[in-house]
Amino acid sequence: MGLTNTQTNSEHGEADSRRISIDAFFAETVIFITGATGFLGKVLLEKLLRSCPRVATFFLLIRPKRGQSVEDRFKELLNNPVFDRIRSEFPDTMNKIFPVKGDVGLPDLGLQPADRDMLIQRVNIVFHSAATVRFDEPLKVAVNLNTLGTDRMLDLCRRMTNLISIIHVSTAYSNADRREIEESIYIWGEFGCLVRKHAIESPSKYVMWYPGFTFRTNKFIHAIMVATLHYLPAFVVDLILRVQGSKPIMLKITKRFERAAKTGQFFAMNEWKFHTGNMIELIKIVNESKEKDQFDLDIKNMDWDVYLHQYMLGIRKYILKDNLDTLKHARNKLSKLYWMQKFTKVLSTFALLGIIKCVGR
């Protein structure tokens with residue numbers, strides 16, 4: 001993720017030299033957020049509500065989607081579990097949030113004239129985080145949403161009469177054709193191992209196979225391993241399921257994972273150098289302030305083991321709707337899948353050797 005911040009108000013630019021607190025900077029401001037219904041947008045909104053309680057108003061750009069009106073999506077957003085703490089500790093702050101119908105993929109952001117005029121007159125700070133983050137998005141769609149959408153947002157911001165700051169949120173890979181990019185961080189190998197560890201410790205009752213994780217750079221070896229350790233075991237399991245009278249699903253799941261792996265292959269197989277000078281300077285400023293505990297920006301302080309433990313539990317509870325009372329059953333199921341995996345690997349190896357032997361005759 002990258003951040004671009006442009007200060008447009010000289011008075012607040014001078015305030016930067018005085019190093020006012022983060023809470024004081026946001027006090028009495030009107031904030032406009034795009035992408036608030038997305039993963040990152042929800043987290044941003046929750047953090048601002050909790051740590052900057054003196055913000056006056058939040059306007060959220062929301063588009064109708066899949067038969068849901070803007071009002072329906074807004075209600076769904078406010079009922080999201082990410083705001084449980086806000087509803088419990090600061091319930092009145094939820095009354096500061098208002099939806100605005102619009103779409104970054106449309107001319108003039110799809111805004112009604114009255115809403116556009118209101119935003120132009122009232123907004124002080126803009127967080128633009130609306131974007132498609134699919135790696136395999138058709139180029140025409142991606143350009144319209146991520147490039148032209150940002151241009152439309154900047155066009156609106158140019159007309160805002162009380163604008164202080166614009167913050168553009170972007171994926172780290174939005175400039176994948178360049179080897180050096182201004183701003184982010186890597187931990188892939190360790191991250192993958194920790195994901196596997198906690199997927200084993202906190203499995204879901206819906207688990208279908210024993211978790212595994214390996215990085216390879218040789219495409220030929222990878223193809224052999226995928227065929228041997230993915231497709232052959234999936235075929236064997238589906239065969240067993242058919243014999244039992246159940247619906248075979250493992251080959252379908254394996255193909256789905258293979259598609260997902262191919263989607264991210266370019267980004268996993270290439271390397272970029274990300275510059276983080278602005279972020280390092282921001283971390284230094286915050287660490288020197290009294291708010292360093294409230295706004296811990298230094299990723300080096302992150303305990304990835306603890307984070308991924310909570311991450312897996314969060315996936316179980318909020319994505320899979322699988323409560324903790326099923327954890328014991330899920331672990332027992334995973335134990336059986338472990339031995340099933342070992343058995344199918346051995347069987348697959350013998351099958352592969354048999355095929356090689358037959359071909360060699």
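Just so it is clear, the model here is predicted, and its values are computed rather than measured.

S.K.: Can you lay out helix H13 (residues 327-360) for me, pointing to particular residues and giving the numbers?
M.R.: Side chains that are three or four residues apart share a direction in an α-helix, a result of its 3.6 residues per turn. When the terminal C-alpha atoms of H13 are compared, their 48 Å separation across 34 residues agrees well with the 50 Å that a helix rising 1.5 Å per residue should span. For H13, the full list of buried residues reads Leu327, Ala330, Leu334, Leu337, Gln341, Thr344 and Ser348.

S.K.: Can you explain unusual backbone geometry? Please cite residues and give values.
M.R.: The backbone of Leu109 sits at a positive phi, close to 60°, despite the residue not being glycine. Tracing the chain through its elements places Leu109 in the loop between strand E4 (97-101) and helix H6 (113-122). Assessed through its relative accessible area of 1%, Leu109 is described here as buried. Phi angles above zero are rare outside glycine, and Lys321 is one such case at about 55°.

S.K.: I'd like a description of the environment of Arg134, backed by residues and values.
M.R.: Examined against the element boundaries, Arg134 turns out to sit in the loop between strand E5 (125-128) and helix H7 (139-158). Classification of Arg134 as exposed rests on a relative accessible area of 52%. Separated by 163 residues in sequence, Arg134 and Leu297 place their C-alpha atoms 26 Å apart.

S.K.: Describe the pairing of strand E3 (residues 57-62), and please don't skip the residues or the numbers.
M.R.: The buried fraction of E3 amounts to six of the six residues, a majority that puts the element mostly inside the structure. Residues Thr57, Phe59 and Leu61 point to one face of E3 and Phe58, Leu60 and Ile62 to the other, with burial holding for every one of them. Bridge count between strand E2 (residues 30-34) and E3: five bridges; the pairing is parallel. Paired with Thr34 across the two strands is Leu61, which belongs to E3. Chirality of the crossover, the property in question, places the unit of E2, helix H3 (residues 39-51) and E3 among those that are right-handed.

S.K.: I'd like a rundown of the packing of aromatic side chains, residues and numbers included.
M.R.: Considering all chains together, one arrives at seven aromatic pairs under this definition. Between the aromatic rings of Phe25 and Phe26, the centroid separation amounts to 5.3 Å while the plane-to-plane angle is 90°, which identifies the pairing as edge-to-face. As far as the burial class goes, Phe25 and Phe26 line up, both buried. Seen in terms of ring centroids, Phe26 and Phe127 are 6.4 Å apart; in terms of plane orientation they differ by 20°. Their pairing is stacked. Taken together, the residues span a long stretch of sequence, with Phe26 in helix H2 (residues 22-26) and Phe127 in strand E5 at a distance of 101 residues. Per residue, the accessibility class of Phe26 equals that of Phe127, and both read buried. One aromatic cluster in this structure is built from Phe25, Phe26 and Phe127.

S.K.: Mind laying out the UniProt feature "domain: Fatty acyl-CoA reductase C-terminal" (unreviewed entry) in the protein, listing which residues take part and the relevant values?
M.R.: Under the present numbering, the feature "domain: Fatty acyl-CoA reductase C-terminal" (unreviewed entry) in UniProt falls on residues 229-322. Along residues 229-322 one finds 65% helix and 3% strand; the C-alpha atoms at either end are 28 Å apart.

S.K.: Account for the pattern of salt bridges, with residues named and values stated.
M.R.: For the structure shown, the criterion picks out nine salt bridges. Two residues, Arg158 and Asp155, come together in a salt bridge whose shortest N-O distance is 4.0 Å. Of the two residues, Arg158 and Asp155 are both situated in helix H7; the distance of three residues between them amounts to about one turn of the helix. Arg158 gets classed as exposed once you look at its relative accessible area, which sits at 61%. Salt-bridge contacts for Arg316 lead to Asp322; the nearest nitrogen and oxygen are separated by 3.2 Å. In this structure, Arg316 and Asp322 share a single accessibility class: buried. Here the salt bridges do not stand alone but share partners, grouping Asp155, Arg158 and Arg159 into one network.

Calculation notes
Residues numbered from 1 in each chain as written. Predicted model: local features only at pLDDT ≥ 70, side-chain atom pairs only at ≥ 80, totals over all residues. Heavy atoms only, no water. Helix = DSSP H or I, 4+ residues; strand = E, 2+ residues; numbered from the N terminus. Expected span 1.5 Å × (residues − 1). Buried < 20%, exposed > 50% of the residue type's maximum accessible area, 1.4 Å probe, protein only. Pairing = 2+ DSSP bridges. Right-handed = clockwise from strand over helix to strand, strands pointing away. Phe/Tyr/Trp six-rings, centres within 6.5 Å; stacked < 30°, edge-to-face > 60°. UniProt positions renumbered as here; feature names shortened; annotations may be inferred. Salt bridge = Lys/Arg side-chain N within 4 Å of Asp/Glu carboxyl O.

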